[in-house]
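Residue-level structural notes
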Amino acid sequence: MSIRNRIAPYLYLLPALLVVLVFRTLPILSSFTASFTDYDIGGFHGFVGMANYGRMLSDARFWQSVLNTVYFVLGVVPASMIIPLFLAMLLRRKLAGRSFYRTLYFLPVVTSAVAISVVWTWLFNPEAGPVNQVITALGGEPLQWLREPRGIFEMMLSPLGIRPRGILAGPSLALVSLMIVSVWKSTGYNTVLFLAGLENIPDTYYEAANLDGAGRWGTFRHITWPLLSPTTYYVLIMSTIVSFQTFALVYVMTPPPGGGPLGTTNVIVFYLFQKAFDRFDIGYASAISVFLFLILLTLTIIQRRVAGGRVHYS
Amino acid sequence: MALDGRTLALNAGKHLMLILGGAIMLLPFLWMVSTSLQQGGFDNYIEAWTRVPFGRYFLNTLIVTVLTLAGVLVTSSLAAYAFATMEFPGRSALFLLFLSTMMVPQPVYLAPSYVILSKLGWINTYMALIVPWTANVFTVFLLRQHFRTIPKTLYEAAILDGCGRLRYLWKVVLPLSKSVLVTVMLFNIIGSWNSFMWPLVVTHSEELRVLQVGLSYFNQEQSSNYQLLMAASTFSTIPLILLFLAAQKRIVASYSRSGIKD
């Protein structure tokens, strides 16, 4: 091979490689090294060992953001699996008007998170917003929604004279409002994934079940659910990873400096963002980034291990 | 399946639930439009458009989306072509290097990216909005998968005819990949158009605001002026909704292939 032929492949790769190296690999690696440094608006002030991680341990705001993120994930993920699975079950088998429904459900998916957040801020407006108008029209009490710092369990139980505190109070209604929007936005996407998964199950299984006289529930329990498991697993992991990174909804609907009423919608990425770009505390923000990365990496590894080769990606 | 009474009732039930679900999906959009037309009607749109330079924001988003897309198509086609058709030392290591960056989500490396951009002197420039996104690993991955399906004999025949490698990519490979190219174009366009966190961080001046960032600032400034906010939300979402309606089959398919969400 001539020299020209030998270097040609690298020349083809070069443009993409350059961008990937400078704007992905380098910052990813820097994120790790920066987490061991004191790096702020004045620049680099030397290595500080594990100090940033030590700071995380005693930072109440940080742990609040972790708790809020966990609440968010635990609230959003089950709902954005059950509802889409149900919808996909309804939509399968060439139901008339299927593509019409699919278009409708997919609309929030392609719409920007910012525009959706602006609209839902208005819908949740406590004074004149449509959601409260509907509630009062139905005879209910209007709620503060995005401005409500009280935990939902606290709100539900306080009329009974029970006042749960701390973690037991549950996520604030403000955070729950964000969860509702998040589920609303991702429903169409997960429905499409489930629909594709359902369509991969060969009809012969159902014909056999039918011959055996299996009922609807039995068919679901013994055929659909096990055969759908690769899709279910994929949706579970993807939704979890995406929910862990929620930012735009929080930033727009419960804007800075607060992170919501009493910081109750302050999630990890929002906190990281504030540390990095309001305080320009790059070292500490990087430590939080590494923490976030390790959580997501663990989830990805679990996915690989448990799902093995069964999960299909296309 | 016979259309007996039971099946009809079942289908009616299904449609009832699906319509209810569809209403929940659609209602926020309807409320958005109806609020935008209250007190002043269409004038709200003109008022929102002129109160802050939304024309500028649109133009910025358009510039960023088009140039990013052009960059992605060039760099990804070249890289995917090398990965798919050429033998060279370090090929799998380099491919792994590309793929490994997909495992790390954007927020994780946002802060160091800012430092790198400021060292380059790119903060608050179009460069910062465009250049870092002119390579897209997932696009490389998808194109490579497709390029590999093109028979090698075609290549050998073309080379015998004196066709160069680059010419072969341009004249044979890319025309045979129209479908996958449209797919990657669609999700890159949607990704650029809706991108928010990055432009929020790397630009400061109003002249460089993209649509999403402009809308977010507008939301903070006009927090009680809901007619104007809904008008701005409406005209901000219309272009993508039109794109979606025009190409919905492909968009739905490309989303389910890519696993992208924001």
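All of these numbers come straight from a predicted model, not from anything done at the bench.

Remarks on the overall build of chain A
Secondary structure summary: chain A contains 13 helices and 2 strands in total. If you line up chain A on its principal axes, its C-alpha atoms span 75 × 70 × 30 Å. The burial tally for chain A puts 43% of its 314 residues in the buried class. Sequence-distant contacts in chain A: of pairs separated by 6 or more residues, those separated by 24 or more amount to 68%.

Describing the overall build of chain B
Tallying secondary structure elements over chain B gives 14 helices and 0 strands in all. Listed N to C, the secondary structure of chain B is α-α-α-α-α-α-α-α-α-α-α-α-α-α in terms of helices and strands. In terms of overall dimensions, chain B has a C-alpha envelope of 70 × 70 × 35 Å along the principal axes. Burial analysis of chain B (262 residues in total) assigns 42% to the buried set. If you take every contact in chain B between residues at least 6 apart in sequence, the share linking residues at least 24 apart comes to 81%.

Section: the interface of chain B and chain A
Taken together, the 71 residues of chain B in the interface contact 68 residues of chain A. Counting residues per element, the side of chain B that touches chain A draws most heavily on helix α1 (residues 5-36) of chain B, at 12 residues. For the side of chain B that touches chain A, the residue count by class is 47 nonpolar, 19 polar and 5 charged.

Structural notes on the packing of helix α3 (residues 60-91) of chain A against helix α8 (residues 173-199) of chain A
Residue and element names in this part refer to chain A. Two numbers describe how α3 lies on α8: the axes approach to 6 Å, and their chain directions differ by 40°. For the element pair α3 / α8, the angle class is oblique. Considering the relative orientation of α3 and α8, their crossing is right-handed. Looking at the contact of α3 with α8, its residues break down into 18 nonpolar, 8 polar and no charged.

Some details on helix α12 (residues 211-221) of chain B
In terms of residue burial, α12 of chain B counts as a mostly covered element, since 8 of its 11 residues are buried. Residues of α12 of chain B that are buried include every one of Leu-211, Gln-212, Val-213, Gly-214, Leu-215, Ser-216, Phe-218 and Asn-219 of chain B, and no others. For α12 of chain B, the elements touching its buried residues are α5 (113-123) and α11 (248-253) of chain A together with α3 (54-85), α10 (178-194), α11 (197-202) and α13 (226-246) of chain B.

A few points about the nonpolar core
Counting 147 residues, the largest nonpolar core has Ala-16, Val-119, Ala-248, Leu-272 and Ile-288 of chain A together with Ala-79 of chain B as the members making the most contacts within it. Ranked by residues supplied to this core, first place goes to α8 of chain A with 13 residues.

As for the pairing of strand β2 (residues 43-47) of chain A
Residues and elements named next belong to chain A. Within β2, only 0 of the 5 residues are buried, which leaves the element largely exposed. Two strands pair when backbone bridges link them, and strand β1 (residues 37-40) and β2 are joined in this way by 3 bridges, in the antiparallel orientation. When the bridges of β2 are listed, Asp-40 appears paired with Gly-43. Taking the residues that link successive antiparallel strands as the turn, the β1-β2 hairpin has 2 residues.

Considering the confidence of the model for chain B
Detailed reading of the predicted coordinates is not advisable wherever pLDDT falls low. All names here are of chain B. In this model, chain B carries an average pLDDT of 92, and 97% of its residues clear a pLDDT of 70 or more. Mean pLDDT values for the elements of chain B range from 77 in helix α14 (residues 248-258) up to 98 in helix α6 (residues 126-130). Confidence metrics for the complex model read pTM 0.93 and ipTM 0.92.

A closer look at α10 of chain B
Helix length check: α10 of chain B (17 residues) gives 24 Å between terminal C-alpha atoms against 24 Å at 1.5 Å per residue, within 8%. Along α10 of chain B, the residues that are buried comprise Thr-183, Val-184, Leu-186, Phe-187, Asn-188, Ile-189, Ile-190, Ser-192, Trp-193 and Asn-194 of chain B.

Quick notes on the environment of Tyr-45 of chain B
Take Tyr-45 of chain B: it is sitting in helix α2 (residues 43-51). Apart from residues no more than four positions distant in its own chain, Tyr-45 of chain B is found in contact with Ala-231 and Phe-235 of chain B.

Regarding the environment of Val-201 of chain B
Take Val-201 of chain B: it is sitting in helix α11. A residue is classified by how many C-beta atoms lie within 10 Å of it, and Val-201 of chain B, with 19 of them, is partly exposed. Val-201 of chain B sits 78 residues away from Ile-123 of chain B along the chain, and the two C-alpha atoms are 8.9 Å apart. Apart from residues no more than four positions distant in its own chain, Val-201 of chain B is found in contact with Phe-277 of chain A together with Leu-110 and Tyr-114 of chain B.

Description of unusual backbone geometry
The residue Phe-280 of chain A is not glycine, and still its phi comes out positive at about 55°. As for its placement among the helices and strands, Phe-280 of chain A is situated in the loop between α12 (268-277) and α13 (282-307).

Re the packing of α12 of chain B against α13 of chain B
Residues and elements named next belong to chain B. Contact geometry of α12 with α13 gives a least axis separation of 10 Å together with a crossing angle of 170°. Relative to α13, the element α12 lies roughly antiparallel. Residues Leu-211, Leu-215, Phe-218 and Asn-219 of α12 lie in contact with α13, whose contacting residues are Leu-229, Ala-232, Ser-233 and Ser-236. Of the residues assigned to the contact of α12 with α13, the class counts are 5 nonpolar, 3 polar and no charged.

Cut-off values and rules
- Residues numbered from 1 in each chain as written.
- Chains lettered and ligands numbered in written order.
- Predicted model: local features only at pLDDT ≥ 70, side-chain atom pairs only at ≥ 80, totals over all residues.
- Helix = DSSP H or I, 4+ residues; strand = E, 2+ residues; numbered from the N terminus.
- Buried ≥ 20, exposed ≤ 12 C-beta atoms within 10 Å, placed from the backbone.
- Contact = placed C-beta atoms within 7 Å.
- Nonpolar A, V, L, I, M, F, W, Y, C, P; charged D, E, K, R; others polar.
- Axes fitted to C-alpha atoms, helices over the stretch in contact; angles between N-to-C directions.
- Parallel < 35°, antiparallel > 145°, perpendicular 65-115°, else oblique.
- Left-handed = near helix turned anticlockwise from the far one by under 90°.
- Core = buried A, V, L, I, M, F, W, Y, C linked by C-beta atoms within 7 Å.
- Pairing = 2+ DSSP bridges.
- pLDDT = per-residue confidence, 0-100.
- Expected span 1.5 Å × (residues − 1).

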